[in-house]
Amino acid sequence: MVESKPYVILNSAMSLDGKISTKQGDSEISCFEDKVRVHKIRSKVDAIMVGINTVLKDDPKLTVKYVKGKNPIRVIVDSKARIPLDAKVVKLKEAKTIVAVSKLAPKEKLELLRKEGIEIIECGEDRVDLKLLMKELKKRGIEKLLLEGGGNLNYSMFKEGLIDEVSIAIAPIVVGGKDALTLVEGEGFNTFKEGVRLSLKKVRRYGEDLVLFFSVNGAKQDLNI
Ligand SMILES: NC(=O)c1ccc[n+]([C@@H]2O[C@H](COP(=O)([O-])OP(=O)(O)OC[C@H]3O[C@@H](n4cnc5c(N)ncnc54)[C@H](OP(=O)(O)O)[C@@H]3O)[C@@H](O)[C@H]2O)c1
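What counts, and where the lines are drawn
- Residues numbered from 1 in each chain as written.
- Predicted model: local features only at pLDDT ≥ 70, side-chain atom pairs only at ≥ 80, totals over all residues.
- Heavy atoms only, no water.
- Phe/Tyr/Trp six-rings, centres within 6.5 Å; stacked < 30°, edge-to-face > 60°.
- Helix = DSSP H or I, 4+ residues; strand = E, 2+ residues; numbered from the N terminus.
- Salt bridge = Lys/Arg side-chain N within 4 Å of Asp/Glu carboxyl O.
- Buried < 20%, exposed > 50% of the residue type's maximum accessible area, 1.4 Å probe, protein only.
- Near = heavy atom within 4 Å.
- Polar contact = N/O pair within 3.5 Å; in protein donor to acceptor, adjacent residues only side chain to side chain.
- Areas by Shrake-Rupley, 256 points an atom, 1.4 Å probe, with all protein chains shown as cover.

Focus on the packing of aromatic side chains
One pass over the structure, following the stated rule, counts two aromatic pairs. Between Phe-32 and Tyr-66, the ring centres sit 5.3 Å apart and the planes meet at 85°, which makes this aromatic pair edge-to-face. Of this pair, Phe-32 sits in helix α1 (residues 32–44) while Tyr-66 sits in the loop between α2 (52–58) and β3 (73–77); the two residues are 34 residues apart in sequence, bridging distant segments of the chain. For the ring pair Tyr-155 and Phe-189, a centre distance of 5.6 Å and an interplane angle of 55° mean the geometry is tilted. Highlighted residues: Tyr-155 in helix α6 (residues 151–159) and Phe-189 in the loop between β7 (165–171) and β8 (198–206), separated in sequence by 34 residues.

The structure is reproduced here in structure tokens:
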């Protein structure tokens with residue numbers, strides 16, 4: 001366990017066969033009841049974090065809908081500052097946005113982002129150093145962070161031991177596709193023994209979706225939604 005970091009909750013929706021998007025990039029998976037559950041979590045955390053591919057593919061707003069509550073800070077993990085200046089998380093100012101970059105990010109692009117009111121955190125040589133980023137976020141008062149994917153960022157966060165809690169909505173849909181992304185991508189572990197073991201805490205039905213709640217490394221269930 002890494003000290004001096006926010007409490008991290010990974011939440012995702014996936015199909016019964018473990019896909020978080022289809023081969024064409026469709027990621028509309030969960031039912032309305034589950035969306036409300038996720039937005040309740042959003043309203044209770046200090047920040048939401050996603051990888052840059054999620055921004056490039058879905059252009060999400062990452063704000064709170066369906067329930068009343070404050071919008072959390074948006075954190076985008078983007079080594080080379082590929083984020084488009086017209087992305088919703090840049091243009092729509094309902095919430096603060098932080099872009100975490102590495103030394104590879106072009107300085108001119110960082111200036112343009114700063115002009116849009118975006119805070120830049122530089123951590124890492126050629127990739128965002130996630131442990132360092134967690135420390136920086138904690139320093140800025142972020143106590144609870146919701147990780148909303150995608151599969152590659154999920155893997156790195158698991159690998160670095162940075163996830164405390166996991167909730168996964170399983171929708172009764174099968175889409176297949178060897179190129180469709182799964183919940184956890186990346187390089188992968190060689191053996192199950194090396195994998196990250198979770199502890200099942202709760203199982204609930206939300207509409208037609210089944211939601212599984214886990215803790216990681218003995219972390220306590222924090223939000224209990
Ligand atoms: N169903 C759901 O709940 C759900 C939720 C979220 C996303 N999605 C889907 O997931 C897909 C995107 O997933 P993805 O796996 O392709 O991408 P991702 O996890 O969103 O972003 C990965 C990218 O983040 C950057 N990055 C920087 N530092 C990193 C680090 N230390 N570890 C990992 N990544 C790092 C890398 O790009 P650079 O090297 O350029 O920085 C990397 O390619 C989209 O299709 C989206 O719709 C589904």
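Some details on the pattern of salt bridges
Side chains that differ in charge, positive against negative, can pair when their charged atoms come close. Following the criterion strictly, the structure yields 16 salt bridges and no others. Glu-119 is paired through a salt bridge with Arg-140; the nearest N and O atoms lie 2.7 Å apart. A residue pair is termed long-range when its members are at least 10 positions apart, and Glu-119 in strand β5 (residues 119–122) and Arg-140 in the loop between α5 (130–139) and β6 (144–147) qualify at 21 residues. A residue is classified by how much of its surface remains accessible, and Glu-119, at 22% relative accessible area, is partly exposed. With a closest N to O distance of 3.0 Å, Lys-139 and Glu-136 form a salt bridge. Highlighted residues: Lys-139 and Glu-136, both in helix α5, separated by three residues, approximately one helical turn. We classify Lys-139 as exposed; its relative accessible area is 65%. Within the structure, one salt-bridge network assembled from shared partners comprises Lys-96, Glu-119, Glu-136, Lys-139 and Arg-140.

What to know about the site of the ligand
In the vicinity of the ligand, 27 residues are found, and the nearest of them are Thr-54, Asp-58, Ser-79, Asn-152 and Ser-156. Take Ser-12: an N or O atom from its side chain is 3.1 Å from an oxygen atom of the ligand. Between an oxygen atom of the ligand and a side-chain N or O atom of Arg-82, the distance comes to 2.9 Å. Here the ligand, which alone exposes 930 Å², has 91% of that area covered by the protein.

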